[in-house]
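Survey of secondary and tertiary structure
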Amino acid sequence: MDSTQSILYIFFTHKLNINKVYDKITNMMKNHNCNDFIIIQGGFDINSYDKDKKILNIQCNDKYEGLPEKIFKTYKYVIESQDFNNYTHFFKLDEDMVINKLINKNIYNEINYGGIVQSCEGNREWHIGKCSQNHYYNTNSYKGIYVPWCLGGYGYIISRNSIELIKNNTKYFEHIYEDLYIAITLIEKNIRPVNINIKNFVISPEHH
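Reference entry: report on the structure contained in this document. Numbering of residues starts from 1 in each chain and follows the order in which that chain's sequence is written. It should be noted that, the model being predicted, local features are given only for residues of pLDDT at least 70 and side-chain atom pairs only at 80 or more, the latter also being counted only at that level, while totals for whole chains, interfaces and linings use all residues. As a rule here, side-chain values cover all heavy atoms of the structure and leave hydrogens and water aside.

Take the overall build of the protein next. Numbered from the N terminus, helices here are DSSP runs of H or I no shorter than four residues, and strands are runs of E no shorter than two. When helices and strands are counted, the protein shows five helices and 12 strands. Throughout, radius of gyration means the C-alpha value; the globule benchmark is 2.2 Å times the number of residues raised to the power 0.38. In terms of C-alpha radius of gyration, the protein reaches 16 Å, essentially the compact-globule figure of 17 Å for 208 residues. Relative to its full complement of 208 residues, the protein shows a buried share of 52%. Long-range contacts, defined as pairs at least 24 residues apart, comprise 74% of the intrachain contacts of the protein with a sequence gap of at least 6. Side chains of the protein carry 23 positive and 23 negative charges; the gap between the two charge centres is 1 Å. The classification of residues rests on relative accessible area computed with a 1.4 Å probe and restricted to protein chains. Under 20% of the type maximum is buried, over 50% is exposed, and intermediate values are partly exposed. Contacts were defined at the residue level, with two residues in contact if any of their heavy atoms lie within 4.5 Å. His is not counted, nor are the chain ends, whereas Lys and Arg count as positive and Asp and Glu as negative. Charge placement uses NZ in Lys and CZ in Arg. For Asp and Glu, CG and CD serve respectively.

Next comes the structure, spelled out in structure tokens:
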């Protein structure tokens, strides 16, 4: 690992899509001369990490409704694994995001949780039709609370210290929006999101 770099780029995908996105992600990071990244897929019986391919397999629901579980279990794994113990921060990214340029250490160094912050209520029906057919949230709107959160559709940065505070949280099964739920668990620990102009570093097809 580059000693000047202490952030790990984490790309989330799923089993059915990893073959489509693997080469794109690995080539993109190679073009940035960056080896500090991993690719996440779920749906496995146990957690395992393939160091050569840089793929982390997570024991979780790999469907849309399983995203909160996948995120929390990934964060818990990376901060407890010796493979990643030199990283102080983690950059959560979706499989289709394009890294425009690597983020500078001075931007994230003092931040516990940062990205494009939204303070107003979001779309409570965004998930409908995206979940498994018989899942509660496939036909029901989100009725929970909103707190200021970093929009997951742009990517966000979270520190090792922040994950340590929430790593044993297991209430993710009650939630549908992983990015909002991260914020809810962090605010309970008095950690609030900080605005970072993520768009300087990442192009998000969802919002481009």
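On we go from here.
All right, on to helix 1 (residues 18–31) then. Over its 14 residues, helix 1 runs 20 Å from end to end, which matches the ideal 20 Å to within 8%, given 1.5 Å per residue. Tucked into the core, helix 1 has its buried residues touching strand 1 (7–12), strand 2 (37–41), strand 4 (55–57) and strand 6 (98–99). Trailing helix 1 by a residue or two, N33 shows a phi angle of about 55 degrees, which is positive. Helix span, expected: 1.5 Å multiplied by one less than the number of residues in the helix.

This part takes up the pairing of strand 5 (residues 89–94). Counting buried positions along strand 5 gives six out of six residues, so the element sits mostly inside the fold. Here strand 5 shows two buried faces, one formed by H89, F91 and L93 and the other by F90, K92 and D94. When DSSP finds at least two bridges between two strands, those strands are taken to pair. Here six bridges tie strand 1 to strand 5, and the two strands are oriented parallel to one another. By the bridge assignment for strand 5, I10 is matched with K92. Relative to strand 10 (residues 156–159), strand 5 is paired through four bridges, and the arrangement is antiparallel. Within strand 10, the position partnered with F91 by the bridge is I157.

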